[in-house]
Amino acid sequence: HALAMDPAGHQFRREYLSGRTLLVDSNVLIPLLPDRATFADDLNKLLKMAREAGMPLATTHGFIEEVLMHGLWAARLVEQNGEASVQVLEAARGEGYKRNAFLDGYVRYSVDVETLRFSNYLRQCVGGRDFNRDGIREYLAAEYGVNCLEFDEIGEQKQMAFVDRDETEAFIRREADERRL
């Protein structure tokens, strides 16, 4: 929003963001996918704004793997302790465990909508697909326009990334100098 309010922000968006691809990593994907998770709506809005600005969205197989591992860890905890266990609630809240976005979403979904088996909830998180690499990848592409890049595609863009970084840094320095920041 800040870039839209400042005239220099318009220039920055026009000159430096157009034609760029936004790499969506697991720090965004993990809290994005779980239905009803704490930050899912905010992240969905953020990705929508990027798409509306014309920025292609991409991720990697490695980031998808991290999402899968996060969901499977939650599934193992549920299997070991039960869906209504104290351990599941603690992991959903980040008490005694690192907070798990899938368990957070599951608890919220169970309260707000209906109680599902956790395996069915995971399927719901990927639009009814199997909760596996392909299901996550397909859902990200269909629902959010986030496409999975192959490593050779990233390698081809590597040199351009350094040029983009240098141009962006020069623009920021020029703007800071003009504004005496």
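Residues numbered from 1 in each chain as written. Predicted model: local features only at pLDDT ≥ 70, side-chain atom pairs only at ≥ 80, totals over all residues. Heavy atoms only, no water.

Asker: How do you make sense of helix α5 (residues 61–81) when you look at a structure like this?
Answerer: The α-helix winds at 3.6 residues per turn, so residues separated by three or four positions along the chain end up facing the same way. Helix length check: α5 (21 residues) gives 30 Å between terminal C-alpha atoms against 30 Å at 1.5 Å per residue, within 8%. Turning to α5, its buried residues number three or more, namely Phe63, Ile64, Val67, Leu68, His70, Gly71, Ala74, Leu77 and Val78. Two residues or fewer past α5, Gly82 is found with a positive phi of approximately 95 degrees. (Helix = DSSP H or I, 4+ residues; strand = E, 2+ residues; numbered from the N terminus. Expected span 1.5 Å × (residues − 1). Buried < 20%, exposed > 50% of the residue type's maximum accessible area, 1.4 Å probe, protein only.)

Asker: How should I be thinking about the packing of aromatic side chains in this particular structure?
Answerer: Remark: the centre distance and the inter-plane angle together describe each pair of aromatic rings, the angle taken between the planes. By the definition in use, this model includes 7 aromatic pairs. Ring geometry for Phe102 against Phe131: centres 5.4 Å apart, planes inclined by 80 degrees, an arrangement best described as edge-to-face. Here Phe102, found in helix α7 (residues 101–112), pairs with Phe131, found in the loop between α8 (118–125) and α9 (133–144); they are 29 residues apart in sequence, far enough to count as distant. Members of the aromatic cluster, each reached through a chain of ring pairs, are Tyr106, Tyr109, Phe118 and Tyr121. (Phe/Tyr/Trp six-rings, centres within 6.5 Å; stacked < 30°, edge-to-face > 60°.)

Asker: Where do I start with the sheet that holds strand β2 (residues 57–60) in this structure?
Answerer: To summarise the sheet geometry, strands pair through backbone hydrogen bonds and adopt either a parallel or an antiparallel arrangement. Strands sit in the order β1-β2-β3 across an open sheet of 3 strands; the sheet is parallel. A strand with exactly one partner marks an edge of an open sheet, and here the two such strands are β1 (22–23) and β3 (146–149). Bridge analysis of β1 against β2 gives 2 bridges, and the strand direction is parallel. Bridged to Leu23 within β2 is Ala58. Together, β2 and β3 form the strand contacts of α9, whose direction differs from that of β3 by roughly 140 degrees. (Pairing = 2+ DSSP bridges. Contact = heavy atoms within 4.5 Å. Axes fitted to C-alpha atoms, helices over the stretch in contact; angles between N-to-C directions.)

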